Structures are given as structure tokens and as C-alpha cells.
Amino acid sequence: KYSSYAFSVIARCFNYNTMLLITCKESDQINVLGYTVRSNDWRYTEWRTYDVSVKYGNGFVLEKELYDHKLDDGTDLDSSEIDNVVELEEHSQV
């Protein structure tokens, strides 16, 4: 079976007061990047710290997300992304 993948990088700001990821007002405020790979059946994202002054080896993992889309009929993306399954034992190698 042929499978294709989509890759994306999303810039966010971590608000230390609310402990939430938010959309940045200015590009120089970016301090978190989300790296995502999406297949027909899965979406995996790692949120990593980001420092523009560091060239290589940038960022430690803040959060991991893994969502199972195998039963998703494509009509409601949000319903298939309720349960983050990254912590389940069968996905422990992620």
C-alpha cells in the first residue's frame, strides 16, 4: 500500500505566565517550534524549544503528541485528536 506523508513546522511562543503555547506577535518572540509529520493514519508532533542564536542541536522536547486517524472519516478532524496516545505502552518507542 502506497502512503504519503506531510511535514510541517509551526512557530509558537511559550507564555511562561500561563504555561501555554500562543501565536507570536513578532517573529523575534518565537521560542518554540512544532515539528509535525502526518500520514493517512497518524499525526505526530514534537514541540521543541527554539533559540534563534543557536545554529545546531536546537531545542529540547517540551511535549509530544500522537493521534490515531485510522478511524477518521475526514469529516471532523478535531474528533480524532481528542486522545493523545503517545503515552500508551504500545507507542512507547515514539
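So, how was this worked out
- Residues numbered from 1 in each chain as written.
- Predicted model: local features only at pLDDT ≥ 70, side-chain atom pairs only at ≥ 80, totals over all residues.
- Heavy atoms only, no water.
- Pairing = 2+ DSSP bridges.
- Helix = DSSP H or I, 4+ residues; strand = E, 2+ residues; numbered from the N terminus.
- Axes fitted to C-alpha atoms, helices over the stretch in contact; angles between N-to-C directions.

Chemist: Hey, could you run me through the pairing of strand β1 (residues 6–15) in this one?
Modeler: Each regular strand shows side chains that alternate between the opposite faces of the sheet. Bridge count for β1 against strand β3 (residues 32–38) is 7 bridges, and the pairing is antiparallel. Note on β3: the bridge partner recorded for Val9 is Tyr35. Counting the residues in the hairpin turn of β1 and strand β2 (residues 20–22) gives 4 residues, including Met19, whose phi is positive at 60°.

Chemist: Explanation requested: the sheet that holds strand β4 (residues 42–49) in the structure shown.
Modeler: Sheets are built from strands paired through backbone hydrogen bonds, the pairs being either parallel or antiparallel. On the basis of which strands lie adjacent, the open sheet formed by 5 strands has the order β2-β1-β3-β4-β5 and antiparallel pairing. Two strands close off the open sheet at either side, each with one partner strand: β2 and β5 (61–68). On average, adjacent strands in this sheet sit at an angle of 30° to one another, irrespective of strand direction. Where β4 lies against β5, 7 bridges are found, and the strand directions are antiparallel. Within the sheet, the bridge partner assigned to Trp42 lies in β5 and is Asp68.

Chemist: How do you make sense of unusual backbone geometry when you look at a structure like this?
Modeler: Leave glycine aside and you will find that most residues have negative phi; peptide bonds, for their part, are mostly trans. Positive phi, normally seen in glycine, also occurs at Met19, with a value near 60°. Mapped onto the elements, Met19 comes out in the loop between β1 and β2.

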